[in-house]
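So the chains spell out like this:
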Amino acid sequence: MPLRPLLLSGLLALAMAEAPGDPIPGENSQALETKKPGSEAPAFKLETLDARKVTSAELFGDAKDRTVLVLVFWSRQCPWVERWNPDLEALVQEFAKQPRVRFAVIDSDKNETGDPQAIRDYLAKAKYTFTVYLDRGNVLADALGATTTPHCFVFRERKLVYTGRINDRRPPDAIVSSKPASPPPPPPPLDPLLKKAILAALEGKAPDVPVDAPTGCRIKRQ
């Protein structure tokens with residue numbers, strides 16, 4: 001195939017991956033509506049990679065704890081997730097000693113939920129410590145209106161306070177020549193959207209940006 005059609009097809013694929021709010025042809029009959037801040041968390045069940053069932057009540061814990069629960073929809077094979085994984089891992093490590101903050105990384109992709117061993121192997125090889133849960137049948141993804149990977153949802157005392165990206169970094173930001181002819185330009189400003197939302201939630205405040213448009217690969221639904 002000539003170079004120009006290849007470039008055009010690649011740009012088209014990237015544009016489709018970035019469009020967060022459109023219907024997903026052949027997978028949904030309707031466009032999903034993402035839950036808005038102030039919405040109550042739905043009751044839900046997830047599955048660990050060793051097939052143990054986990055309920056939303058377990059993840060939220062006692063209401064007196066004022067738990068901040070961070071849900072991150074994720075996919076092992078998504079290049080956008082691959083780019084953001086180190087940032088996600090850094091956040092998990094940063095809040096590891098804060099008992100009120102809990103993370104649940106959720107794989108809802110129909111092509112991945114049937115192979116938990118592949119996810120385990122991936123996490124072990126990359127040395128990521130965050131816990132991945134399976135959302136079989138996209139039940140929770142549909143309930144929250146999660147559209148992409150990654151797509152983050154922050155709850156404080158079961159109320160949604162933030163939905164959007166991990167930060168404003170983009171996968172192309174990481175593409176730098178191994179032997180640049182000249183010094184690379186400085187990195188673009190980094191807005192730690194998810195971190196700021198968590199910190200605001202811990203203080204009982206609304207984040208500066210409660211709704212941010214997610215960017216990434218479409219969640220492949222049943």
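Here is what the cut-offs are and how they apply
- Residues numbered from 1 in each chain as written.
- Predicted model: local features only at pLDDT ≥ 70, side-chain atom pairs only at ≥ 80, totals over all residues.
- Heavy atoms only, no water.
- Helix = DSSP H or I, 4+ residues; strand = E, 2+ residues; numbered from the N terminus.
- Buried < 20%, exposed > 50% of the residue type's maximum accessible area, 1.4 Å probe, protein only.
- Disulfide = S-S within 2.5 Å.
- pLDDT = per-residue confidence, 0-100.
- Contact = heavy atoms within 4.5 Å.

1. Focus on unusual backbone geometry
Working step 1: The omega torsion of the bond from Thr-149 to Pro-150 falls at -5°, within 30 degrees of zero and hence cis.
Working step 2: Along the chain, the position of Pro-150 falls in the loop between strand 6 (148–149) and strand 7 (151–156).
Working step 3: Residue Lys-127 is not a glycine yet carries a positive backbone phi of 60°.
Working step 4: Of note, Lys-127 is situated in the loop between helix 4 (116–126) and strand 5 (132–134).
Working step 5: We note that Asn-138 has phi near 60°; this positive angle belongs to a residue other than glycine.
Working step 6: Judged by its relative accessible area of 1%, Asn-138 is buried.

2. A short note on the state of the cysteines
Working step 1: Under the defined criterion, the tally for this structure stands at one disulfide.
Working step 2: Between the sulfur atoms of Cys-78 and its disulfide partner Cys-217 the distance amounts to 2.4 Å. What sets the handedness of the Cys-78 and Cys-217 disulfide is the S-S torsion sign, and at about 90° it is right-handed. Highlighted residues: Cys-78 in the loop between strand 3 (68–74) and helix 3 (79–94) and Cys-217 in strand 9 (residues 217–218), separated in sequence by 139 residues.
Working step 3: A relative accessible area of 3% places Cys-78 in the buried class.
Working step 4: Look at Cys-217 and you get buried, because its relative accessible area is 14%.

3. Here's the deal with the confidence of the model for the chain
Working step 1: For the chain, mean pLDDT is 84; residues scoring 70 or higher make up 77% of the total.
Working step 2: Contacts from residues 3–30, a stretch scored under 50 in pLDDT, to residues over four places away or in other chains number 27 contacts.
Working step 3: Ignoring residues within four places in sequence, the model shows residues 175–179, a span with pLDDT below 50, making one contact including any to other chains.

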